[in-house]
Amino acid sequence: MRSVTHLPELDAYGKRIEGLEVEPLRVTVQTVTPVSSNDPVALDGVLAYAMVTEAMKGRPFPQSGGPFWQPLPLKLDRLVNGLPLWTSTDFFPTDVHKRLTHIHRRTADNPYAMLGLMHTIHAKRPRRLPSSAAGPYMDYRVPDRRYVADHWTATCIGNKEEIERLLAMVQYFGKGSKRGCGFLDKWTVESIDRFHWRDTDGFALRPIPVDEDSGVGVRQGFTPPYWLKDTWVICEPSIATKML
C-alpha cells in the first residue's frame, strides 16, 4: 500500500460529507456544443474536479507530494494501493455522431515572435521569424475527436443532493472549452433501482483494477486524477474506450 497525502482543505470536505446517505443514481448531461475527448469522461473525475476547485478556493493545488486523498459523495467500494475505487461509471453517449478535426499551431501566430520581428523591420538585418520546421515554434497539428450526442449518462451510488450541488459548479463537459467544446445545457440526477459495474454483455463500465498476475488488462488510472501515472495499476478497461 502506497503513501497517500492528506490536505486540510480536502479533509475538511470529507468530514462534512461523512455519514451522508447514498443510493443508486443516474447522472445525465446534455451539451449545446460538441464534446471533445480522446478518453472516456469519468463521473468521479468530474466530481473530484468540482470538489477540489471549491475546497482550494482559488489557491493552487500542490504540484508535488501526492497522490492526495480526494473524498467524494460516492460509496467507496474498496481501497487499491491506498487509493479509493469509487462506485461510479464512465459517461456513455446516446445517439452519438463522431467526427475528427485537428488543432493547429503556426509560428506566425506567435505574438512574441512577431513583436520581435516588427522592432527590427527597418534594420539592415531584420530579425527573422523562428523556424517552423523544428524547435519550440514548430508548426504542428494534433487530431481532435468531436462528439455530438443527445445526452451522456453515467451511474453511481452516492448522495443525490451533494452530487447535484457539485455538478452545478461544472460549466463544461470533456475538454477543449477554450475552443468552444462541451458547453453545458443541464445536469440531471435521478434515482434508479440498482447500480451495475458491467453492461448486459458483461463489459466493464469503468476501469476495474485486477490482479497484476492475471495476465490481462492494461495499466491505467482508476481514480481521480486519472492522468497521474504514479497511481496507475493493471485494470480491466472500460467498454467506453471502444465507443469513443
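Before any of the text, the structure's been laid out above.
Here the structure is a predicted model, which means the values were calculated and not measured.

Let's talk about the sheet that holds strand S12 (residues 233-236)
Then, in step 1: The 3 strands are arranged S10-S12-S11 in an open sheet whose pairing can be described as antiparallel. For this open sheet the edge positions go to strand S10 (208-209) and strand S11 (218-220), each flanked by a neighbour on one side alone.
Then, in step 2: For S10 and S12, the ladder comprises 2 bridges, and the chain directions are antiparallel. Along S12, the bridge assignment pairs Pro209 with Cys235.

Some points on the pattern of salt bridges
Pairs may arise between side chains of opposite charge once their charged atoms sit close together.
Then, in step 1: Considering all chains together, one arrives at 11 salt bridges under this definition.
Then, in step 2: Between Arg179 and Asp144 there is a salt bridge, and its shortest N-O distance comes to 3.4 Å. With a gap of 35 residues between them, Arg179 in the loop between helix H4 (160-167) and strand S9 (184-191) and Asp144 in strand S7 (residues 140-148) connect regions that are remote in the sequence.
Then, in step 3: Owing to a relative accessible area of 39%, Arg179 belongs among the partly exposed residues under this scheme.
Then, in step 4: Lys160 is paired through a salt bridge with Glu164; the nearest N and O atoms lie 2.9 Å apart. In this pair, Lys160 and Glu164 are both assigned in helix H4, 4 residues apart and thus about one turn of the helix distant.
Then, in step 5: One salt-bridge network, in which partners are shared between bridges, spans Arg16, Glu54, Glu162 and Arg165.

Structural notes on the packing of helix H1 (residues 8-17) against H4
Then, in step 1: The N-to-C vectors of H1 and H4 enclose an angle of 145°; their axes lie 12 Å apart at closest approach. Contacts between H1 and H4 pair Tyr13, Arg16 and Ile17 from the former with Glu162, Arg165 and Leu166 from the latter.
Then, in step 2: Along the lines of polarity and charge, the residues of the contact of H1 with H4 split into 3 nonpolar, no polar and 3 charged.

Structural notes on the packing of H1 against helix H2 (residues 43-56)
Then, in step 1: Contact pair H1 / H2: the axes reach a minimum separation of 9 Å and the direction vectors enclose 115°. On the basis of the axis angle, H1 is roughly perpendicular to H2. In the crossing of H1 with H2, the sense of the turn from one axis to the other is right-handed. Where H1 abuts H2, its residues Glu9, Leu10, Tyr13 and Arg16 lie against Met51, Val52, Glu54, Ala55 and Met56.

Side note on unusual backbone geometry
Then, in step 1: In the segment running from Pro224 into Pro225, the intervening peptide bond is cis, with an omega of -10°.
Then, in step 2: Secondary-structure assignment places Pro225 in the loop between S11 and S12.
Then, in step 3: In this structure, Lys57 takes a positive phi of about 50° despite not being glycine.
Then, in step 4: Mapped onto the elements of the fold, Lys57 is located in the loop between H2 and strand S3 (76-80).
Then, in step 5: A relative accessible area of 67% places Lys57 in the exposed class.
Then, in step 6: Although it is not a glycine, Asp95 sits at a positive phi angle of roughly 55°.
Then, in step 7: Relative accessible area serves as the criterion here: at 55%, Asp95 is assigned to the exposed category.

Here we look at the sheet that holds strand S2 (residues 35-36)
Then, in step 1: Read from one edge of the open sheet, 3 strands run S2-S7-S6, paired in antiparallel fashion. Because the sheet does not close on itself, it has two edges, and the strands there are S2 and strand S6 (97-105).
Then, in step 2: Taken together, the 2 bridges between S2 and S7 define a ladder with antiparallel strand orientation. The residue bridging Ser36 from the neighbouring strand is Arg146, located in S7.

Conventions used here
Counting starts from 1 at the beginning of each chain's written sequence and moves along it residue by residue. Thresholds applied to this predicted model are a pLDDT of at least 70 for local features of residues and 80 or more for the giving and counting of side-chain atom pairs; totals over whole chains, interfaces and linings are not thresholded and use all residues. The basis for every side-chain value is the complete set of heavy atoms in the structure, and neither hydrogens nor water enter the calculation. At least two bridges found by DSSP between two strands are what make those strands a pair. Numbering goes from the N terminus for both helices and strands, where a helix is a DSSP run of H or I of at least four residues and a strand is a run of E of at least two. For this analysis, a salt bridge means a side-chain nitrogen from Lys or Arg found within 4 Å of a carboxyl oxygen belonging to Asp or Glu. Buried means the residue's accessible area, taken with a 1.4 Å probe over protein chains only, is under 20% of the maximum for its type, while exposed means over 50%, and partly exposed covers the values in between. Axes, fitted as lines to C-alpha atoms, cover a helix only where it is in contact. Angles between the N-to-C directions of the axes lie from 0 to 180 degrees. Should any heavy atoms of two residues lie within 4.5 Å, those residues are counted as being in contact. Under the scheme applied, nonpolar residues are Ala, Val, Leu, Ile, Met, Phe, Trp, Tyr, Cys and Pro; charged residues are Asp, Glu, Lys and Arg; polar residues are all the others, including Gly. Here is the rule for angles: anything less than 35 degrees is roughly parallel, anything more than 145 is roughly antiparallel, 65 through 115 is roughly perpendicular, and the remaining ranges are oblique. Left-handed is the label given to a crossing in which the near helix is rotated counterclockwise from the far helix by less than a right angle, and right-handed is the label when the rotation is clockwise.

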